[in-house]
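Now for the letters of each chain:
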There are 2 protein chains.
Amino acid sequence: MKKPSTARLTLFAAFLTAQAAQGVPPAAVVREKVRAYRAAHEVEILRELAGLLATPNVASDTENIRKNADAAAALLSRRGVRTQLLEVPGAPPIVYGELSSPGARRTVIFYAHYDGQPVDPAKWTGKPWQPVLRDGRLEAGGHDVEWSALKSPVNPEWLVYARSASDDKAPIVGLAAALDALKAAKVPLSVNLKVFLEGEEEAGSPHLQSILEKYRYLLKGDMWLLCDGPVHQSRRMQVFFGARGITGVEITAYGATRRLHSGHYGNWSPNPIAELANLIAGMRDDRGNILIKGFADDVRPLTEGERRAVATAPDIGPALRSELAIGRTEGAADERLEAAILRPALNLRGFQGGDVGEKATNSIPTEATVSIDFRLVPDQTPERVRSRIEAHLRGLGYTLVSDVPDAAARKATPRLLRVRWDAGSYPSGRTPLDLPVSRAVVRVTSESFGAPIVELPTLGGSVPMYLFTDLLKTPVVGVPIANHDNNQHASNENLRIQNLWDGIETYAALLARLAW
Amino acid sequence: MKKPSTARLTLFAAFLTAQAAQGVPPAAVVREKVRAYRAAHEVEILRELAGLLATPNVASDTENIRKNADAAAALLSRRGVRTQLLEVPGAPPIVYGELSSPGARRTVIFYAHYDGQPVDPAKWTGKPWQPVLRDGRLEAGGHDVEWSALKSPVNPEWLVYARSASDDKAPIVGLAAALDALKAAKVPLSVNLKVFLEGEEEAGSPHLQSILEKYRYLLKGDMWLLCDGPVHQSRRMQVFFGARGITGVEITAYGATRRLHSGHYGNWSPNPIAELANLIAGMRDDRGNILIKGFADDVRPLTEGERRAVATAPDIGPALRSELAIGRTEGAADERLEAAILRPALNLRGFQGGDVGEKATNSIPTEATVSIDFRLVPDQTPERVRSRIEAHLRGLGYTLVSDVPDAAARKATPRLLRVRWDAGSYPSGRTPLDLPVSRAVVRVTSESFGAPIVELPTLGGSVPMYLFTDLLKTPVVGVPIANHDNNQHASNENLRIQNLWDGIETYAALLARLAW
């Protein structure tokens, strides 16, 4: 190991002196106090999480989503956070809260969301909104543990299975426990805290912009702390400075108006599966390359710092390939996952047409549908993606309609597609890695974790960061806590308990020690 | 209209004299007698059909398929046909029967099948095996008619909805009614009749070859009359001289072993839908062209007579496009349907991966499956199709397995496909159009129908004709009776009642007048 130079040591000493002058307690002190508090309250913390997970939380479920908001607001109020619900018509409320710290110069806005992805209950072991405690992962043969049998110390490798256990209620409970721990340890907050919990993030945040505009006066702050997403696949903490944007589309192609015998009509009456398969192959190869003309024109090149951050992240490729049992990756053989997610992506989320297996019949389906999501990078916009895709389809001779075409339209149109774009599209957002606030978050998080953390220029997933970075002109840094193998967006979503413990310590460290 | 030459008239007079000498009654006489019998027994005939349709008849449903065989045998016995069940282990029985006619020189073997395609009950209006009488097509707003309200004369545009109403129980009931009508009218059969009713045609006739070999001694005859399939789309009667062969395959591609967030893993973890879509596009374009190397090498060129038969068939393209509401056909714009089915076909019968619509989530599916059926023409064989497809896939770097691969196999294999070929594949079969027996069937059918009929070199659909033509070395001519819009192989299969009436007259004419 290289010996640090005297100059560097002097600089570091000066930094510590400055921190002490600000009354910032050392990382180890905060960590030990928070850890002791957590150890004494494990069951209580997990029960609070379970309680929060017991109500269905799909954004479109108006009645239940409001129950979720009320529960989250009550949770914050119990910590002395002054809460209110921010409303715009037709949207689940924002749970907003403030907790001032005397003498703090900076204000940090904590973002999380209390809604979750839709579920297909048939694919779950157990029920999505009846949290199940398990002593191991389902695929590793984990068994259910009765909640009534829960006692401290809890095995930190146990998991809580439920929709939103990790995405994104864990950070809410993590923040609450961090506040409790700091209060119990009499550690003051180094920043003023504002809390902003969204209720329709998984629906694409269709009202977030109007909410931010309406309540801009409340939302002044020096940074947003985005608490969503998973930690690094190496299980190290990571912080991220951007998120990809998103849009999505569903495309339906049509055959005859009734299912036809494939022998009597095949080669003559169009097969909508063949049509869509050829369309897909013309838009994306099986290595992830997007073949649509001009699609890459809007992509902002990476900075040197971003490239370096990716290159120095631990290489979790081999371990992850093994865990996921994949025999290849889509891009170049040596492309890192962290690099792959810096590219725009066209993902096929579903394709349905005709029948397979026992139900398959020798017939031509009447229609087929493909569902696609696009992940956008700076400086792509959903509008330009949409116009490029539609121009591509029209260039192939297609007429595009948004409603279900009737028989007359189907007959009159040689090449016809129904194209429905997702509501809730938004572009990517990114905060520079070299801002003082960026470096401060990295430093505090790393010191709390006690090991180097991963810096990601952008998260692969999508959160509407651009509204904070571009609309509110406020830096955003993401500090996720969920395990990477949390089955996010899928069935059997789960949270590894150690990740919640780490999250509590991280959020406590940021609240107690962040300064720049 | 061109006046017939004296020479042709003389020839025709000689032909009539020869027929009279053989005791063959004129076409008009037979037709009128049969029609009168039918008119007096409409309700009885339809009730017999309904009774035959009331038992589930999927070949794999061992218990019920045997009930179907017993019912079909009883139906024949009631007409004085000496019946027996021909058995080989593991197969539904063949219902076999004989009815000799004193002095007849020729023996005709009547083929039909009593099993039906599998059903998806959720897609049916009503239940597949509870026959429903309707006063019009469902899509035209047809209403159910109580069976108890049925009385003569029945509107011949009414329909019977049930699995196998047309495919292929209508010919069985049509034959029975034809025998009844001829007996009532005291018209003798001009040929000896053998009946051969198969019970697993829709499962691909896996035991037909061994049955024909085992019972070859019973099955001596001068021709097979294949009673399956629909009449021409113009509603004219048609006869066919061949049938395409068939094989099918289901191909599954794999992603990670769990569903992954498309943002965090897209572009890196393989998307099985993208993989299959690209595979399909590489095998077949959206105009029906098969792109697999060497696939067309085995295709026997058409004869001049076959081309002429197609060219002189009525052009039902425009009417059919309108009925089916299709805006284009797959092949060249001017390609006739009758020509399209002379080509080999690769039909996509199903594609399933991930979810679409409300259930769609922004994730990468764990697997995707495509189901394909191939229609073969002379001289293709299922074995060569299989080897060409597999060579094509291997040429793309794929490892092919037949069982579900475990995680270890998925991890170890960069490109892996599960490939399952259908049981019950067989090649095409074709009888020359210019044989005396071929001309005799065309003549009798046309005279009975009272108008020119369509001659199809091959049926688009598949029946195991090759076993008769190639194994038994016996000519085969197909005489179907079902309406073309019968929803064969799909939900809401139906039989237009006029087609049953026409079928009775046709089969009666062939039994009473066929001679060569």
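Residues numbered from 1 in each chain as written. Chains lettered and ligands numbered in written order. Predicted model: local features only at pLDDT ≥ 70, side-chain atom pairs only at ≥ 80, totals over all residues. Heavy atoms only, no water.

Draft legend 1. Representation of the interface of chain B and chain A within the structure. Opposite the 98 residues of chain B that make contact, chain A presents 100 residues. In this assembly, chain B packs against chain A so that about 8,500 Å² is buried in total across both faces, 51% of it on carbon and sulfur atoms. Applying the counting rule to chain B against chain A returns ten salt bridges. The salt bridge partner of A:K123 is B:D355, with a shortest N-O separation of 3.3 Å. At the boundary of chain B and chain A, one finds 53 residue pairs in polar contact (both at pLDDT 80 or more). No other element matches strand β13 (residues 345-354) of chain B, which puts nine residues into the side of chain B that touches chain A. Looking at the side of chain B that touches chain A residue by residue, the class counts come to 33 nonpolar, 37 polar and 28 charged. Bridge analysis of strand β13 (residues 345-354) of chain A against β13(B) gives five bridges, and the strand direction is antiparallel. For A:G354, the partnering residue across the bridge sits in β13(B) and is B:G350. (Contact = heavy atoms within 4.5 Å. Buried area = accessible area lost by both parts, 1.4 Å probe. Salt bridge = Lys/Arg side-chain N within 4 Å of Asp/Glu carboxyl O. Polar contact = N/O pair within 3.5 Å; in protein donor to acceptor, adjacent residues only side chain to side chain. Helix = DSSP H or I, 4+ residues; strand = E, 2+ residues; numbered from the N terminus. Nonpolar A, V, L, I, M, F, W, Y, C, P; charged D, E, K, R; others polar. Pairing = 2+ DSSP bridges.)

Draft legend 2. The pattern of salt bridges, seen in detail. Counted according to the given criterion, the structure contains 80 salt bridges over all chains. Close ionic contact of B:R336 with B:D315 constitutes a salt bridge, the shortest N to O distance being 3.6 Å. Pair noted here: B:R336 is in the loop between α10 (317-324) and α11 (337-340) and B:D315 is in the loop between α9 (304-312) and α10, with a separation of 21 residues, a long-range link. What emerges from the salt-bridge pattern is a single network uniting A:D120, A:K123, B:R259, B:D355 and B:K359.

Draft legend 3. Representation of the side chain of A:E335 in the model. Residues and elements named next belong to chain A. Examined against the element boundaries, E335 turns out to sit in the loop between α10 (317-324) and α11 (337-340). Look at E335 and you get buried, because its relative accessible area is 18%. A polar contact is formed between the side chain of E335 and the side chain of R343, at a distance of 2.7 Å. (Buried < 20%, exposed > 50% of the residue type's maximum accessible area, 1.4 Å probe, protein only.)

Draft legend 4. Just the sheet that holds strand β4 (residues 132-134) of chain A, in detail. Residue and element names in this part refer to chain A. With respect to topology, four strands assemble into an open sheet ordered β5-β4-β6-β21, the strand pairing being antiparallel. Pairing within the sheet leaves two strands with one partner each, and these edge strands are β5 (144-145) and β21 (494-496). Contacts from helix α16 (residues 497-513) reach β4, β6 (159-161) and β21 within the one sheet, and its direction differs from that of β21 by about 65°. (Axes fitted to C-alpha atoms, helices over the stretch in contact; angles between N-to-C directions.)

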